[in-house]
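These are the residues of each chain, in order.
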Amino acid sequence: MNETEDQLKALSEMRDLMNRSSRFLSLSGLSGICAGVFALIGAVVAWKYLYSLNGDELYGDFDVPGSFYTFFFVDAGLVLFLSLICGWYFSNRRAKRAGVSLFDETALRMLANLFIPLATGGLFCFALLYYGVVGLIAPATLIFYGLALLNASKYTVKDIRFLGICQIVLGLISTMFIFHGLIFWAIGFGVLHIIYGTVLYFKYERV
């Protein structure tokens, strides 16, 4: 009986070791929650600014002034910067507690697979902006972000795959409501990140 238990324990330890060597497991749910909160704050700030420019015509077919794009890029840049800082802090803290390196070979592979669709989507969105097809920028960001998560999911926890699918579906839905881009951004980058981060935290981090 003891011999069987030892063998099962050895197999379990071997499986954990193989899992750690092939997957980035230091991703923190708290970083997802923070990213979602920052995204919601950024969306509200952008909405208030846009409302101050257009008032009751906020959801109509109106001309968005150039100043809004400058404001939005600064707003989105701050959200991204704060999200990355929190992502690094909480993931690094989790990696230290597990006694592993944060930026190992698996993490770099995950980041590379995440970056390629993100960079492609970013260039595509700049092309949309250049040609004045601004109504599809919000859907495109959600779709390409979802594709990036799907592409990176094979190197980290499988839960990120479901987040990616949700982002893609939300992006496709938003193509039918192109004048409501901020709402879909808030749902995708805000609400879904908070839900995903909470699930991740209670499933893998809370002891």
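Look a little higher up for the structure.
Here's what I pulled together on the structure shown here. (Residues numbered from 1 in each chain as written. Predicted model: local features only at pLDDT ≥ 70, side-chain atom pairs only at ≥ 80, totals over all residues. Heavy atoms only, no water.)

1. Some points on the packing of aromatic side chains
Each pair of aromatic rings is reported with the distance of its centres and the angle of its planes. According to the stated counting rule, one finds nine aromatic pairs in the structure shown. Judged by centre distance (5.0 Å) and plane angle (85°), the rings of Tyr130 and Tyr131 are edge-to-face. The exposure classification of Tyr130 matches that of Tyr131, with both residues exposed. Taking 5.2 Å as the distance between ring centres and 45° as the angle between the ring planes, the aromatic pair formed by Tyr145 and Phe189 counts as tilted. Placement of Tyr145 in helix H5 (residues 137–152) and of Phe189 in helix H7 (residues 181–205) is noted, with a sequence separation of 44 residues between them. (Phe/Tyr/Trp six-rings, centres within 6.5 Å; stacked < 30°, edge-to-face > 60°. Buried < 20%, exposed > 50% of the residue type's maximum accessible area, 1.4 Å probe, protein only. Helix = DSSP H or I, 4+ residues; strand = E, 2+ residues; numbered from the N terminus.)

2. A word on the packing of helix H4 (residues 105–130) against H5
Look at H4 against H5: their axes get within 8 Å of each other, and the N-to-C directions meet at 165°. On the basis of their axis angle, the class for H4 and H5 is roughly antiparallel. Of the two possible hands of crossing, H4 and H5 adopt the one that is right-handed. Across the interface between the two elements, Met110, Asn113, Leu114, Pro117, Leu118, Thr120, Gly121, Phe124, Cys125, Leu128 and Leu129 from H4 touch Ile137, Ala140, Thr141, Phe144, Tyr145, Leu147, Ala148, Leu149, Asn151 and Ala152 from H5. (Axes fitted to C-alpha atoms, helices over the stretch in contact; angles between N-to-C directions. Parallel < 35°, antiparallel > 145°, perpendicular 65-115°, else oblique. Left-handed = near helix turned anticlockwise from the far one by under 90°. Contact = heavy atoms within 4.5 Å.)

3. Thoughts on the side chain of Ser174
In this fold, Ser174 is placed in helix H6 (residues 159–174). Residue Ser174 is classed as buried on the basis of its relative accessible area of 1%. A distance of 2.6 Å separates a polar side-chain atom of Ser174 from the backbone oxygen of Gly171. Apart from the residues lying within four places of it in its own chain, the contact partners of Ser174 are Pro139, Leu142 and Phe184. (Polar contact = N/O pair within 3.5 Å; in protein donor to acceptor, adjacent residues only side chain to side chain.)

4. Let's talk about H7
Between the first and last C-alpha of H7 there are 33 Å, a value that for 25 residues agrees with the 36 Å anticipated at 1.5 Å per step. Where H7 bends most, the angle comes to about 30°, and this point is Ile187. (Expected span 1.5 Å × (residues − 1). Bend = angle between axes of the 7 residues up to and from the residue.)

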